[in-house]
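Here's the letter readout for the chains.
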Amino acid sequence: MMIGESWAQIGSTIAGLMFTLATLQQFFPHQLRLSLQQFVLASLQQFSLVQKLCDKLVNLFSPYIHITFPEYSGYWSNQAFDAIETYVGALSTTKASLLKGSLVQNSKALVLTRDDRKVCDEFNAVQVWWVLEPSPTSSSEDKYFQLIFHRQHRDLITGSYLDHVLEQGKAIQAKNKQRRLYTNNPSENWSSYKKNLWSDIAFESPATFQTIAMDPNKKEEIINDLVSFSKGKEYYMKLGKPWKRGYLLYGPPGTGKSTMIAAMANFLNYDIYDLELTTVKNNTELRKLLTETSSKSIIVIEDIDCSLDVTGERKKGGPKSNEKETEPENEKTSKVTLSGILNFIDGTWSACGTGRIFVFTTNHIDKLDPALIRRGRMDMHIELSYCSFEAFKILAKNYLDVDSHDLFEKIGILLKETEMTPADVAENLMPKREKKDPDACLNSLIQALEDAKEKAKLKAEKEKNIKINKGKNMKFYAKRLLF
Ligand SMILES: Nc1ncnc2c1ncn2[C@@H]1O[C@H](COP(=O)(O)OP(=O)(O)OP(=O)(O)O)[C@@H](O)[C@H]1O
Ligand SMILES: [Mg+2]
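Scoring rules and cut-offs
Residues numbered from 1 in each chain as written. Chains lettered and ligands numbered in written order. Predicted model: local features only at pLDDT ≥ 70, side-chain atom pairs only at ≥ 80, totals over all residues. Heavy atoms only, no water. UniProt positions renumbered as here; feature names shortened; annotations may be inferred. Phe/Tyr/Trp six-rings, centres within 6.5 Å; stacked < 30°, edge-to-face > 60°. Helix = DSSP H or I, 4+ residues; strand = E, 2+ residues; numbered from the N terminus. Buried < 20%, exposed > 50% of the residue type's maximum accessible area, 1.4 Å probe, protein only. Expected span 1.5 Å × (residues − 1). Arc of directions from axis to C-beta. Contact = heavy atoms within 4.5 Å. Pairing = 2+ DSSP bridges. Axes fitted to C-alpha atoms, helices over the stretch in contact; angles between N-to-C directions. Salt bridge = Lys/Arg side-chain N within 4 Å of Asp/Glu carboxyl O. pLDDT = per-residue confidence, 0-100. Near = heavy atom within 4 Å. Polar contact = N/O pair within 3.5 Å; in protein donor to acceptor, adjacent residues only side chain to side chain. Areas by Shrake-Rupley, 256 points an atom, 1.4 Å probe, with all protein chains shown as cover. Parallel < 35°, antiparallel > 145°, perpendicular 65-115°, else oblique. Left-handed = near helix turned anticlockwise from the far one by under 90°. Nonpolar A, V, L, I, M, F, W, Y, C, P; charged D, E, K, R; others polar.

Going by the annotation in an unreviewed UniProt entry, the name recorded for the protein is AAA+ ATPase domain-containing protein, with Gossypium tomentosum given as the source organism. The UniProt entry for the protein carries the following text under Sequence similarities (unreviewed entry): "Belongs to the AAA ATPase family. BCS1 subfamily." Regarding the protein, the UniProt comment filed under Cofactor (unreviewed entry) reads as follows: "Mg(2+)".

Engineer: Explain the packing of aromatic side chains residue by residue, including any values.
Structural biologist: Using the criterion set out here, one finds 16 aromatic pairs in the structure. Aromatic side chains tryptophan 130 and tyrosine 161 sit 6.4 Å apart centroid to centroid with 35 degrees between the ring planes, which places their arrangement in the tilted category. Here tryptophan 130, found in strand S7 (residues 126-134), pairs with tyrosine 161, found in helix H4 (residues 154-176); they are 31 residues apart in sequence, far enough to count as distant. You can call tryptophan 130 buried: its relative accessible area is 0%. Ring centres of phenylalanine 389 and phenylalanine 408 lie 6.3 Å apart, and the angle between their planes is 90 degrees; on these two criteria the pair is classed as edge-to-face. With phenylalanine 389 in helix H13 (residues 389-400) and phenylalanine 408 in helix H14 (residues 408-417), the pair connects residues that are 19 residues apart, well separated along the chain. Classification of phenylalanine 389 as partly exposed rests on a relative accessible area of 28%. A connected cluster of aromatic rings, assembled from ring pairs, spans Phe69, Phe81, Phe123, Trp130, Phe145 and Tyr161.

Engineer: Could you give me a rundown of helix H5 (residues 216-230), with the residues and numbers involved?
Structural biologist: Its 15 residues place the ends of H5 21 Å apart at the C-alpha level, agreeing with the 21 Å of an ideal helix rising 1.5 Å per residue. For H5, the full list of buried residues reads Lys219, Ile222, Asp225, Leu226 and Phe229. Buried residues of H5 fall within an arc of 125 degrees about the axis and therefore sit on the same side. Contacts from the buried residues of H5 go to helix H6 (233-239), strand S11 (244-250), helix H7 (257-268), strand S14 (356-362), strand S15 (380-383) and H13.

Engineer: Tell me about the environment of alanine 202, residues and numbers included.
Structural biologist: Residue position: alanine 202 is located in strand S10 (residues 198-202). We classify alanine 202 as partly exposed; its relative accessible area is 29%. Between the alpha carbons of alanine 202 and glutamine 178 there is a distance of 6.6 Å; along the sequence they are 24 residues apart.

Engineer: So, the sheet that holds strand S6 (residues 118-123): which residues are in play, and what are the values?
Structural biologist: Across the sheet, which stays open at both edges, the four strands sit in the order S1-S8-S7-S6 with antiparallel pairing between neighbours. The sheet is open, and its two borders are formed by strand S1 (64-70) and S6, each paired with just one other strand. With strand direction ignored, the average angle separating the axes of adjacent strands in the sheet is 25 degrees. For S6 and S7, the ladder comprises six bridges, and the chain directions are antiparallel. Following the sheet pairing, valine 119 is matched in S7 by tryptophan 130. Of the strands in this sheet, S1, S6, S7 and strand S8 (143-150) are in contact with helix H3 (residues 79-90), which crosses S8 at around 65 degrees.

Engineer: Before we move on, could you go through H7 and cite the residues and values that matter?
Structural biologist: Counting along an α-helix, one turn takes 3.6 residues, and residues three or four places apart therefore face a common direction. An ideal rise of 1.5 Å per residue puts 16 Å on twelve residues; H7 measures up with 17 Å between its terminal C-alpha atoms. In terms of residue burial, H7 counts as a mostly covered element, since nine of its twelve residues are buried. Those residues of H7 lying buried are Lys257, Met260, Ile261, Ala262, Ala263, Met264, Ala265, Asn266 and Leu268. For H7, the elements touching its buried residues are H5, S11, strand S12 (271-274), strand S13 (297-301), S14 and S15.

Engineer: Kindly report on the environment of serine 297, identifying the contributing residues and their values.
Structural biologist: Residue position: serine 297 is located in strand S13. Under the relative-accessibility criterion, serine 297 is labelled buried at 0%. Considered as a pair, serine 297 and arginine 179 are 118 residues apart in the sequence and their alpha carbons are 9.9 Å apart. Contacts of serine 297, omitting those with residues within four sequence positions, involve Tyr270, Asp271, Tyr273, Gly355, Arg356 and Ile357.

Engineer: I'd like a description of the pattern of salt bridges, backed by residues and values.
Structural biologist: All chains considered together, the criterion is met by ten salt bridges. In this structure, arginine 245 engages aspartate 225 in a salt bridge whose closest nitrogen and oxygen atoms are separated by 2.7 Å. Of the two residues, arginine 245 sits in strand S11 while aspartate 225 sits in helix H5, which places them 20 residues apart along the sequence. Of the two residues, arginine 245 and aspartate 225, neither departs from the other in class, the shared state being buried. Members of the salt-bridge network, linked through shared partners, are Asp225, Arg245 and Asp379.

Engineer: Could you give an account of the confidence of the model for the protein, with specific residues and numbers?
Structural biologist: Scored by pLDDT, the protein comes out at a mean of 81, with 75% of its residues at no less than 70. With pLDDT under 50 throughout, residues 311-331 is counted as low confidence; its partners more than four residues away or in other chains account for 27 contacts.

Engineer: For the site of ligand 1, give the residues involved together with the corresponding values.
Structural biologist: Neighbouring residues of ligand 1: 15 residues in total, closest Ala213, Gly254, Lys257, Ser258 and Thr259. Note that an oxygen atom of ligand 1 is positioned 2.9 Å from one of the backbone N or O atoms of glycine 254. Against a free-state accessible area of 620 Å², the protein chains account for coverage of 72% of ligand 1. The set of elements that each furnish at least two residues to the shell around ligand 1 consists of H7, H13 and helix H15 (422-429).

Engineer: A description of the packing of H5 against H7 should follow, citing residues and the corresponding values.
Structural biologist: Geometry of a packed helix pair, given as the angle between the helix axes and the separation of the axes. Running from amino to carboxyl end, H5 crosses H7 at an angle of 45 degrees, the nearest separation of the two axes being 11 Å. It follows that H5 is oblique to H7 by the angle criterion. The element H5 and its partner H7 pack so that their crossing is right-handed. Within the contact between the two elements, H5 uses Ile222, Ile223, Leu226, Val227 and Ser230 and H7 uses Met260, Met264, Phe267 and Leu268. Each residue belonging to the contact of H5 with H7 can be placed in one class, and the counts come to eight nonpolar, one polar and no charged.

Engineer: Explain the side chain of asparagine 266 to me, and be specific about the residues and the numbers.
Structural biologist: Within the secondary structure layout, asparagine 266 lies in helix H7. A relative accessible area of 16% means that asparagine 266 is categorised as buried. Contact partners of asparagine 266, with chain neighbours within four places excluded, come to Arg179, Phe203, Ser205, Pro206 and Ala207.

Following this line, the structure appears as structure tokens:
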């Protein structure tokens, strides 16, 4: 039996005694009643003194250690308490008979947790107990968690076990949290007392890696890279490198670059910061925006080649000295420079948060400055290209629920001869009626592919004729010059 329970029993015995005394008082004269009251009060005072003394003695000789985690530390909520509450709540909910459900702010679904006051946990074959108690010092409904374990496991529990609890608790919180999509506000709207550099909304894209149509080996490579990055905190620390990674997504419009970013966020449970560079006035603002992003998030700059002039060679003189040189003439446009962006990704300030992923997208990789996309800044270059047969099969499964079909062979041949983006293939596969008709959709795709092939053939012929005519003209003028 726990020590707390023993005291509860003694307390209820005293309460019973007081009730009996109160009943007896009715049958005794006033004088005797007063002495009885004094006697009870004195007993209670002595009882609390004895209780305190006993507590001290028990703690001195008890083989158990108690650690308390209050709900509030001063005015602030104690994040350790929150993580513990989540961790304890999630301990074998499948076996528990007492559960509670909650749908809290920023949570994406109903969360079921254990509702037991006392929960037993095991770590490396060592048993510990978590007890949730109302706070004795507060009149409100504040609570605290008490962790009870045997003295001999002190190092294990105060070290690895508590780290494990906090890490797991935070991971569960992140998983249950509704992801947010942030976009930067123009600096005119920033106010000094409120941190409103970013506006955010719930991020609800259903994109996942399962639904992305691309080469399966390439997809697996990206997933493995993301997994090893997200679990690589210690590894990066060992290397002395900031824990961050850059991905460059490039390819023609409609090949899935934005879809891939959404899938990454869903896969890692990270928030997205969609940075609109054209509204950032200068490098200082860019740095401020960076410092206001949270750790474990994805910072995206879409169409980086269109956002600012990052296509030219870097000017000599290092990042700071070239800021003025690349300033656009028009005062109203962004003065963010290439060096500002380079510092944003891997300058000193980029290490102020951890677990960040930078993603740039472009339709024209050849236009970008090599310094911007070198490994270490953009660690992985991912090409998203026209629809291959493998990618088509994923789309057919997603849109029509078919794994194979007689028309697949013909489509495979046409896809090799034609350049069609996954966006266009998807549009053709989309059922036009409520009831799915795979035959009609696949035939419509074949028609679209044949049309595209014909168009491409005509275009190639036209270009060939232009070339021939140019050549003829050159010869004609050359002859005239000679004679
Ligand atoms: N690889 C893909 N897998 C699955 N769906 C795709 C893929 N590519 C495109 N789509 C579909 O096409 C639509 C447009 O794709 P997306 O916005 O990701 O293209 P993008 O490469 O970002 O284009 P842009 O360069 O114009 O920004 C998506 O909503 C999605 O439905
Ligand atoms: Mg896009």
